[in-house]
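Observations on the model geometry
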Amino acid sequence: MLARLGPPAAIAAVILLAPLLFQSGYHFRIGALVWINALAVIGLNVLMGLAGQVSLGHAGFFGIGAYAAAVLPARYGLHPLAATAAGAVLCAAVAFTVGRPILRLKGHYLAVATLGLGMLVAMVLTNEVWLTGGPDGMPAPRPDLGGWRISGPETWYWISGTVLVLGVLLAQNLRISPAGLALGALHDSEVAAGTLGVDVARSKLVAFVVSAVYGSVAGSMLAFLNGHVTPDRAGFLQSIEFVTMAVLGGLGSMIGSVAGAAVLVVIPQVLTFFHEYEHLMLGVLVILIMVLLPSGVVPALSSLLARRRKE
Amino acid sequence: MAEFLQFTSSGLTVGAVYALVALGFTLIFNASGVVNFAQGEFVMLGGMGTVFAAAAGVPLPLAALLAVALAVVAGLLLDGLAIRPARQAGPIVLIIITIGAALVIRGLAQVFFDKEFHKLPGFSGDASIHIGGAAVLPQTFWVLAGTLAIFSGMWWFMTRTMTGKALRATAANRLAAELVGIDTRLVTTLAFAVSAGIGAVAGILITPITLTNYDIGTMLALKAFVASVLGGMGNPIGAVVGGLLLGLLEAFAAGYLSSSYKDAAAIVVLLLVLFAMPSGLFGSKSVERV
Amino acid sequence: MKSECSGSNRGRVLAWVGAVGAVFLAAQPASAADTVKIGASLSITGPASFLGEPEEKTLKIYVDKINAQGGVNGRKLELVVYDDAGDANKARTFATRLVEEDKVVAIVGGSTTGATMAMVPVAEDAKVPFISLAGAIVIVDPVKKFVFKTPHTDRMACEKIFADMKKRGLTKVGIISGTGGFGKSMHDECVKVASTSGVEIVADETYGPKDSDMTPQLTNIKNKAGVQALLNADFGQGPAIVMRNIKQLGITLPVYQSHGVASKSFIDLAGPAAEGVRLPAAALLVADKLPANDPQKPIAVGYAQTYEKETGKPVSTFGGHAYDGLMMLVEAMKRAGSADPVKIRDEIEKTKGFIGTAGMFNMTSTDHMGLDLGAFKMLQIKNGDWTLAD
């Protein structure tokens, strides 16, 4: 029980306590960006960490969620919250439809197929100007809840933080559910899992759909936070960033997902100090983390702490 | 007909570029199982290195050699400083490391070269050659010939030399290769050095057509990754066929369908191929051992 | 995955954590007390770095110059620049940071339209004047209270080009545009104004921002019956490749480019293929060829000489936009006699007869760009250099 509630409680504590250090809306924005990215990464981690399937197209779902939140209210008058739900349903439907054929692929082949999928989404968002505003993007409305206009980084800090904790709780439940246990078995060996009676294809599909929904909701929140969406959010580089966050933080670790997101959101803000050496330094940091902590920041540090305690 | 030939020549030109980059990919993948996302940066170093050495007054052929040497050094450093220390980590961690390395190489290039685009003169001039109504740049033939030469060299090396066989053995099963006395570390280092060299040569060959700047690597690595997977990961024939096919698909889609969705057409074909042949066109089917 | 942390590893981890901590501490900005801060978020790297780089250099050179002359209203300027790499989300974060953390009194920048549009809500909410350096007309149409821009709009470029075509009796146009923000926006504007300008678009092709061969698209335009002129709407290296492909295919139609290629590197990259190309651009590029009585001449020549002396690189209109933005801002600050953002905004809107590198600016409450078509010159590339076409 403690192991189950530990990560969500720890994350909730950080969300509650971090604002004590904040001095401006900028800090709240950075915090909100971390929670939003972390939510998408937790979704990706269900697929990668739990089921062991790589996706280089996760940003496609992020983009669909973001544009659903912008397009549906602006063009079809949907309430932003309904638009968020519609985006999630759409992503689930897309993942469900393409999931079966795509998830038959393995390793690099799966990686490239998902990559292609993400690029298709980004291409539609870039080219269909009448719907999406094209490469320069379009404004996203500020949602309105019973007369209360939800806007400002501080508000979105708390909303995205709450959604993140909910997301972590749900993902935890999934992990210990029969479906989750099946996924874990499949991560270790698909053939063995199949022999033991796990419906391999169905389990993978579940993971894919879940990860898509997480990505979509995160994307919608980003659209509301920014008030503006662009196709870059569905692009290849965004997908790579999500995968990097998941691996840096530690595959399969909830806290790791948050840590990974924090590293890639906060560090570049610090690195502006290095001006033109900024990208160089980011690359060096990524390499250093991976070489020194190959299982990711959180798993590596926690096993280090566990050793300390034993000594 | 003239139209068809023109589209074909465009497709072969672009496809040969992808194939060249994909060949470099293949070697490292075979030796180490690493998908090297910094391969595009080697290509960039080849082009940019030549441009800057030539600008400093070095004669062009020597400038090209210097650029290849620069890329080889970068490849050795990548292996020694980043890949080897993380040897025990899983493939996905190694991919992230190469992404970090790409950032580092690009970051250095941005500071020590510059951020502008540059060109190199065509090896045999820039006047187009007319073949059946299609206008083709002479440099296209250089790129195609380069692809063929590197492919043949790689084929000979992997099937006819002891080192090449050691490399394939390392790829097939690292532990088993070590048990039969193969120095797998050396093999991997060699693969990184040669791949970087191939990448740099590719960069020098394509710059007269594509132009180059510090930032071109990402897109090239992406396309080459897609090409390798389309052809079958790890197979040099697959790399070449996959690259050419991808280029032709893009050119025909741009010419006959819609130029806005030419990349989409290529991706749809890629997905269809993978659904029908989950290991690509020339990939070997691997069986998971329990 | 299970991790094994050996003893030596632990030491390295701790050392590394310490190093990162040190970086954090060192990164705390040291703020000088009595300076006025001006912020900028520019695409210094990434696909639009050819815009952001000259913009950044220009801002730095001129802020130093202004400070050497005693600053503005007796206070020195402090420039805070961030690199958004053309990414709208980053631009948004940096705009928030400029306003909330750095407490700038005004923002210059947003090299691309996408980045600019992401920054607009921040400037509007915080009531900080924001002078964008990006092209598209959506930035100032509809007018946003705190947002201004210095480059000509893409719609003006289309109008100028079509007018020139009509004058030469060219009415059937083939257009090839990039699918990046600039190309797409200009393409759409050109399609909108084509009919009122009396030209007809008979072929319409596109290519991606990183494409390296456009011969299939150009072949289609070439084979289209009746095309009399070719218009390429894009910036960056794409237009240079288009010109090289045009030469490769032996297309002899008159070619028009946009103001997005108004830098020397376009001529260098396209080489002999660029001969004869026409484009609308600010007079800055032909500063030394302007008649002596042109009021713009001293400004344009002065900026071009300063930029080329300080950077050793040829001048482009992109850096010129940053010069115009900064100088207009400084004038407004002087007139306002204060560093209050709202007062500065009011003065920027009252800018009248301000001569910059792009022409004469006359801002009004309904026009936050303030340039007219007359400020645009039609240039032609001859012998590898810019010349006035008429």
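Refer to the structure presented above.
This structure is a prediction, so every number in the text was calculated from the model and none was measured.

**A short note on the overall build of chain B**
When helices and strands are tallied, chain B shows eleven helices and two strands. Compactness check: chain B gives a C-alpha radius of gyration of 19 Å against a globular reference of 19 Å for 290 residues, within 12% of the reference. If you line up chain B on its principal axes, its C-alpha atoms span 60 × 50 × 35 Å. Every one of the 290 residues in chain B was classed for burial, and the buried ones make up 62%. Relative to all contacts within chain B whose residues are 6 or more apart in sequence, the contacts with residues 24 or more apart total 75%. Total accessible area on chain B is roughly 10800 Å²; 72% of this is exposed by carbon and sulfur atoms. Measuring between centres, the 14 positive side-chain charges of chain B sit 10 Å from its 12 negative side-chain charges.

**A few points about the overall build of chain A**
Secondary structure summary: chain A contains 14 helices and four strands in total. Taking 311 residues into account, the globule formula puts the C-alpha radius of gyration at 19 Å, and chain A, at 19 Å, falls close to it. Dimensions along the principal axes, computed over C-alpha positions, put chain A at roughly 55 × 45 × 40 Å. Relative to all contacts within chain A whose residues are 6 or more apart in sequence, the contacts with residues 24 or more apart total 79%. For chain A, the exposed surface amounts to about 11400 Å²; the carbon and sulfur share of it is 71%. Distance between charge centres in chain A, computed from 16 positive and 12 negative side chains, equals 10 Å.

**A few points about the interface of chain B and chain A**
Contact residues are listed per partner, giving 42 residues for chain B and 44 residues for chain A. Buried area between chain B and chain A, both sides added, is near 3700 Å², and the carbon and sulfur share of it is 81%. The tally of links between chain B and chain A comes to zero salt bridges. The tally of links between chain B and chain A comes to six residue pairs in polar contact (both at pLDDT 80 or more). When the residues that make up the side of chain B that touches chain A are grouped by side-chain class, the tally is 31 nonpolar, nine polar and two charged.

**Structural notes on empty space enclosed by the protein**
Taken as a whole and judged by the stated rule, the model has five cavities of 30 Å³ or more. Estimates place the volume of the largest cavity at around 100 Å³. Lining the largest cavity, in full, are A:L115, A:G116, A:M119, B:L222, B:K223, B:V226, B:L246, B:E250, B:D263, B:A266, B:I267 and B:L270. For the lining of the largest cavity, the elements supplying multiple residues, two or more each, are α5 (107–127) of chain A together with α9 (217–231), α10 (236–256) and α11 (262–276) of chain B. Top contributing element to the lining of the largest cavity by residue count: α11(B), with four residues. Its residues assigned to classes, the lining of the largest cavity comprises eight nonpolar, one polar and three charged. A:I42, A:N45, A:V46, A:G49, A:L50, A:A171, A:R175, A:G252, A:S253, A:M254 and A:S257 are the residues that line the second largest cavity.

**A few points about a nonpolar patch on the surface**
A surface patch of nonpolar side chains, about 460 Å² in accessible area, is lined by A:L16, A:L17, A:L20 and A:W158. The topology assignment puts A:L17 in helix α1 (residues 2–17).

**Some thoughts on the pairing of strand β3 (residues 106–109) of chain C**
All names here are of chain C. Taken together, the four bridges between strand β1 (residues 35–42) and β3 define a ladder with parallel strand orientation. Looking across to β3, one finds that G39 is bridged to I107. Looking at chain direction, β3 and strand β4 (residues 130–132) are connected through two bridges and run parallel. Note on β4: the bridge partner recorded for I107 is F130. Of the crossover connections in this fold, the one passing from β3 over helix α4 (residues 113–126) to the parallel β4 is right-handed.

**A short note on helix α3 (residues 60–83) of chain B**
Over its 24 residues, α3(B) extends 33 Å from the first C-alpha to the last, a length consistent with the 34 Å expected when each residue adds 1.5 Å. Three or more residues of α3(B) are buried, namely B:A63, B:A64, B:A67, B:V68, B:A71, B:A74, B:G75, B:L78, B:D79, B:A82 and B:I83. Where the residues of α3(B) are buried, they touch α13 (278–292) of chain A together with α2 (39–55), α4 (91–112) and α8 (184–210) of chain B.

**Notes on the state of the cysteines**
In protein structure, a disulfide is the covalent linkage between the sulfur atoms of two cysteines. Residues and elements named next belong to chain C. Counted by the stated rule, this structure contains one disulfide over all chains. Across a sulfur-sulfur distance of 2.1 Å, C158 and C190 are joined as a disulfide pair. What sets the handedness of the C158 and C190 disulfide is the S-S torsion sign, and at about -90° it is left-handed. A residue pair is termed long-range when its members are at least 10 positions apart, and C158 in helix α5 (residues 154–167) and C190 in helix α6 (residues 181–197) qualify at 32 residues. In this structure C158 comes out as buried when scored by relative accessible area, which is 0%.

**A closer look at the pattern of salt bridges**
Scanning the entire structure with this criterion turns up 23 salt bridges over all chains. A salt bridge links B:K262 to C:D211; the shortest N-O distance between them is 2.6 Å. Of this pair, B:K262 sits in helix α11 while C:D211 sits in the loop between β7 (200–207) and α7 (215–223), each in a different chain. Comparing B:K262 with C:D211, the two get one shared label, buried. Within this structure, B:K223, B:E250, B:K262, B:D263 and C:D211 form a network of salt bridges that share partners.

About the criteria used
- Residues numbered from 1 in each chain as written.
- Chains lettered and ligands numbered in written order.
- Predicted model: local features only at pLDDT ≥ 70, side-chain atom pairs only at ≥ 80, totals over all residues.
- Heavy atoms only, no water.
- Helix = DSSP H or I, 4+ residues; strand = E, 2+ residues; numbered from the N terminus.
- Rg over C-alpha atoms; globule rule 2.2 N^0.38 Å.
- Buried < 20%, exposed > 50% of the residue type's maximum accessible area, 1.4 Å probe, protein only.
- Contact = heavy atoms within 4.5 Å.
- Areas by Shrake-Rupley, 256 points an atom, 1.4 Å probe, with all protein chains shown as cover.
- Lys, Arg positive; Asp, Glu negative; His and termini not counted.
- Charge placed at Lys NZ, Arg CZ, Asp CG, Glu CD.
- Buried area = accessible area lost by both parts, 1.4 Å probe.
- Salt bridge = Lys/Arg side-chain N within 4 Å of Asp/Glu carboxyl O.
- Polar contact = N/O pair within 3.5 Å; in protein donor to acceptor, adjacent residues only side chain to side chain.
- Nonpolar A, V, L, I, M, F, W, Y, C, P; charged D, E, K, R; others polar.
- 1 Å grid on protein atoms, 1.4 Å probe; cavity = no way out; pocket = protein on both sides within 12 Å on 5 of 7 lines; lining within 4 Å.
- Points joined across faces, edges and corners; volume = space filled by probe spheres on them.
- Patch = residues over 30% accessible without salt bridge, like charges linked within 9 Å, V, L, I, M, F, W, Y side chains within 5 Å.
- Pairing = 2+ DSSP bridges.
- Right-handed = clockwise from strand over helix to strand, strands pointing away.
- Expected span 1.5 Å × (residues − 1).
- Disulfide = S-S within 2.5 Å.

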